[in-house]
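Spelled out from the first residue to the last, the chains are:
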Amino acid sequence: MMDPDVIDGLLARLASECPGLVTIDEAWFAEPIDDFDAQTPAALAYLAEDAGEALETLRPTQRVTLTYGIWLVCERADFRAQRQALRSALMGHVFSEHHDPAAYRGGQTTDIRGALIWWREFWTVDTWLHG
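Residues numbered from 1 in each chain as written. Predicted model: local features only at pLDDT ≥ 70, side-chain atom pairs only at ≥ 80, totals over all residues. Heavy atoms only, no water.

Draft legend 1. The nonpolar core, seen in detail. With 26 residues, the main nonpolar core has Leu10, Leu14, Ile70, Leu86, Leu90 and Phe95 as its most contacted residues. Broken down by secondary-structure element, the contributors of at least two residues to this core are helix H1 (7–17), strand E2 (42–52), strand E3 (61–75), helix H2 (76–90) and strand E5 (116–130). Looking at this core, the element that brings in the most residues is E3, giving 6 residues. One finds Ala38, Leu44, Tyr46 and Leu116 within the second-largest nonpolar core, a separate group that totals 12 residues. (Core = buried A, V, L, I, M, F, W, Y, C linked by side-chain atoms within 4.5 Å. Buried < 20%, exposed > 50% of the residue type's maximum accessible area, 1.4 Å probe, protein only. Helix = DSSP H or I, 4+ residues; strand = E, 2+ residues; numbered from the N terminus.)

Written out as structure tokens, the structure reads:
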């Protein structure tokens with residue numbers, strides 16, 4: 001069985017399609033932090049959840065939805081342009097022949113600290129696991 005995680009592909013896609021982002025990495029936090037010292041604008045992604053649907057009865061196949069959280073941390077002046085670049089890079093992108101296109105699930109401002117906006121959005125990618 002293959003590991004369906006596409007975090008490496010997601011980070012590579014952002015690096016190639018979002019030249020305005022200075023920092024692109026895997027997130028090392030789950031909530032906004034006081035001592036954020038990475039250069040901004042920054043996009044930091046993580047696998048937030050994976051969920052399986054019922055196993056098919058005729059064959060050992062199961063649909064799995066992977067949900068990725070992406071922190072966009074940037075100054076207010078950069079926010080709209082960087083959010084649009086992130087969305088343009090991911091909307092409908094197919095990471096492999098085993099995955100359905102990426103789909104936007106939602107986003108929200110989680111914090112504003114001084115000049116920095118902490119925006120987090122979620123993206124889903126469906127795949128099939130075969131036994």
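From this point, things continue past the structure.
Draft legend 2. Local environment of the pairing of strand E4 (residues 103–113). Relative to E5, E4 runs antiparallel, the two being bridged by 9 bridges. Of the residues in E5, the one forming a bridge with Ile112 is Ile117. Between E4 and E5, which pair antiparallel and follow one another directly, the connecting turn spans 2 residues, one of which, Gly114, has a positive phi of 60 degrees. (Pairing = 2+ DSSP bridges.)

Draft legend 3. Just H2, in detail. Spanning 15 residues, H2 covers 22 Å between terminal C-alpha atoms, matching the ideal 21 Å at 1.5 Å per step. Among the residues making up H2, those that are buried are Phe79, Gln82, Leu86, Ala89 and Leu90. Its buried side turned inward, H2 meets H1, E2, E3 and E5. Gly92 sits one or two residues past H2 and shows a positive phi near 80 degrees. (Expected span 1.5 Å × (residues − 1). Contact = heavy atoms within 4.5 Å.)

Draft legend 4. Molecular detail of the packing of aromatic side chains. Considering all chains together, one arrives at 9 aromatic pairs under this definition. Geometrically, the ring pair formed by Trp28 and Phe29 is edge-to-face, given 5.1 Å between the ring centres and 90 degrees between the ring planes. For Trp28, a relative accessible area of 46% corresponds to the partly exposed category. In textbook terms, an aromatic cluster arises when at least three aromatic residues are bridged by ring pairs, as seen for Trp28, Phe29, Phe36, Trp71 and Trp118. The ring of Phe122 has Arg105 sitting right over it, with the charged end atom 5.6 Å from the ring centre. (Phe/Tyr/Trp six-rings, centres within 6.5 Å; stacked < 30°, edge-to-face > 60°. Lys NZ or Arg CZ within 6 Å of the ring centre and 35° of its normal.)

The quantities given are spatial measurements derived from coordinates; they are silent on function.
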